[in-house]
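# Structural overview
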Amino acid sequence: MAVLLYYPLVKPPTEVLHQALLYWDGIGSVVPADPQVYEAAVPRELKDLKDRGLYTPLGLTGQYMDILRDPDDILPWLDAEEQRCAASLALRRELRRLAASPDRPRLSFPPQSFLYESKMSSWLPWELQRLGLATSRDERRWTVGVPNRVQEIVVGAMARELARHADVSYTPYTDRADAYRLSLSAPELSVAAWEVELGRLLPVPAPGTETANVLAFRESHSDERDRLMRALHRLLGNLRRDYEHPADVLAQLRREIEQSVDDYRKAAKSSRMAWVERSVMVTVGLAAGAGEVAQPGLGWALSAVGGIALNVATREIRPLARAREGHDFSYLHRARETFT
């Protein structure tokens, strides 16, 4: 299964939710662990999708501590699992750098954003308050108030760590450019990657479309949807492995992509829903050993498939944790143009 893991919020925007239902096997998000808070934070629509097996609430379990000791250094308190977790350590360093920087984000009242305490390991709310990056806990809302940048760093790190350890192929996803950038903030863990732009390839329901209609389309046109999903995920997987020959990868999959896109567009046109087309950017981390081969500016490929531009360019990404095999790319939606 290939599932989008949306962050930094519990509830994904409707457009992202519909995109996940059409082009992926489902969607997940990071939720509070406390049952009472979970009930208040997760909307009815997501709970209904969970019952259908299309939404997965995720959280960091087994990483909570009961005792807080030395306020000068939290590292000794981290349990064995978290001490092995590169994301937790990188997150701790990044928060301390942020607190010490001249342009550190300032707390505001009311706060810009909130973090549910039971969404985090128990050392984190205390550390955020100690660094002056969070307000005192609000016992009525089970939250701490934080600036937007802090929320994006923290939840982005959680999303990557959850994807790294999951049995399902979760792909961290955000529609916020700042959240994406801040979640890749550990400079010591840079890796090479392809940044693939799929121009006007994935039509999505127009704003205002009911999720029930999207689900009905998903079920009635499952064959066309599955063919397009397989073609897209095969493209990304082949680019990751055959990183020296991106133009060959595009050429090999050209016919499959053309046919699957054409079939899917016909299905969409035959439906009674209104559709819009958007450009999608996908970042694909390359296989081990690619760093010496794929240097920025050295390799790129451009292919026109059925009038759709597929552009591939090399860049560097800096993940907070080394993702395990198959979990090392992020997915960022960028709306470039809208067509009616």
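For the structure given in this document, a descriptive report is provided here. (Residues numbered from 1 in each chain as written. Predicted model: local features only at pLDDT ≥ 70, side-chain atom pairs only at ≥ 80, totals over all residues. Heavy atoms only, no water.)

## Let's talk about the overall build of the chain
A count of helical and extended segments in the chain gives eleven helices and eleven strands. In the chain, which comprises 340 residues, the proportion classed as buried is 54%. Taking the intrachain contacts of the chain between residues at least 6 apart in sequence as the baseline, contacts between residues at least 24 apart amount to 80%. A total of about 15,600 Å² of accessible surface is found on the chain, and carbon and sulfur atoms cover 49% of it. (Helix = DSSP H or I, 4+ residues; strand = E, 2+ residues; numbered from the N terminus. Buried < 20%, exposed > 50% of the residue type's maximum accessible area, 1.4 Å probe, protein only. Contact = heavy atoms within 4.5 Å. Areas by Shrake-Rupley, 256 points an atom, 1.4 Å probe, with all protein chains shown as cover.)

## Some thoughts on the environment of Glu117
Topologically, Glu117 is positioned in the loop between strand S4 (113-116) and helix H6 (123-130). Separated by 20 residues in the primary sequence, Glu117 and Arg137 have C-alpha atoms spaced 8.3 Å apart. When near neighbours in sequence (up to four residues on either side) are disregarded, Glu117 contacts Pro125, Arg137, Trp142, Thr143 and Val144.

## So, the pairing of S4
By the alternation rule, side chains of S4 split into Ser113 and Leu115, which are all buried, and Phe114 and Tyr116, of which none is buried. Both S4 and strand S5 (residues 143-146) contribute to a ladder of four bridges, which runs antiparallel. Looking at S5, one finds that Phe114 is bridged to Gly145. (Pairing = 2+ DSSP bridges.)

## Notes on the side chain of Ser271
Topologically, Ser271 is positioned in the loop between helix H11 (246-270) and strand S8 (275-285). Exposure remark for Ser271: the relative accessible area of 17% places this residue in the buried category. At a separation of 2.7 Å, a polar atom in the side chain of Ser271 contacts the main-chain carbonyl oxygen of Ala268. (Polar contact = N/O pair within 3.5 Å; in protein donor to acceptor, adjacent residues only side chain to side chain.)

## Section: H6
Taken together, the buried positions of H6 are occupied by Trp123, Leu124, Pro125, Glu127 and Leu128. At the exit of H6 stands Gly132, carrying a positive phi of roughly 75°.

## Describing the pairing of strand S6 (residues 169-174)
Every other side chain in a regular strand lies on the same face of the sheet, so the side chains alternate between the two faces. Judged by how many residues are buried, S6 sits mostly within the fold: five of six residues are covered. Pairing geometry for strand S1 (residues 2-6) and S6, over five bridges, is parallel. For Leu5, the partnering residue across the bridge sits in S6 and is Pro172.

## Observations regarding the environment of Leu202
Along the chain, Leu202 turns up in strand S7 (residues 191-205). A residue is classified by how much of its surface remains accessible, and Leu202, at 2% relative accessible area, is buried. Spatially, the C-alpha atom of Leu202 lies 9.3 Å from that of Leu228, the residues being 26 residues apart in sequence.

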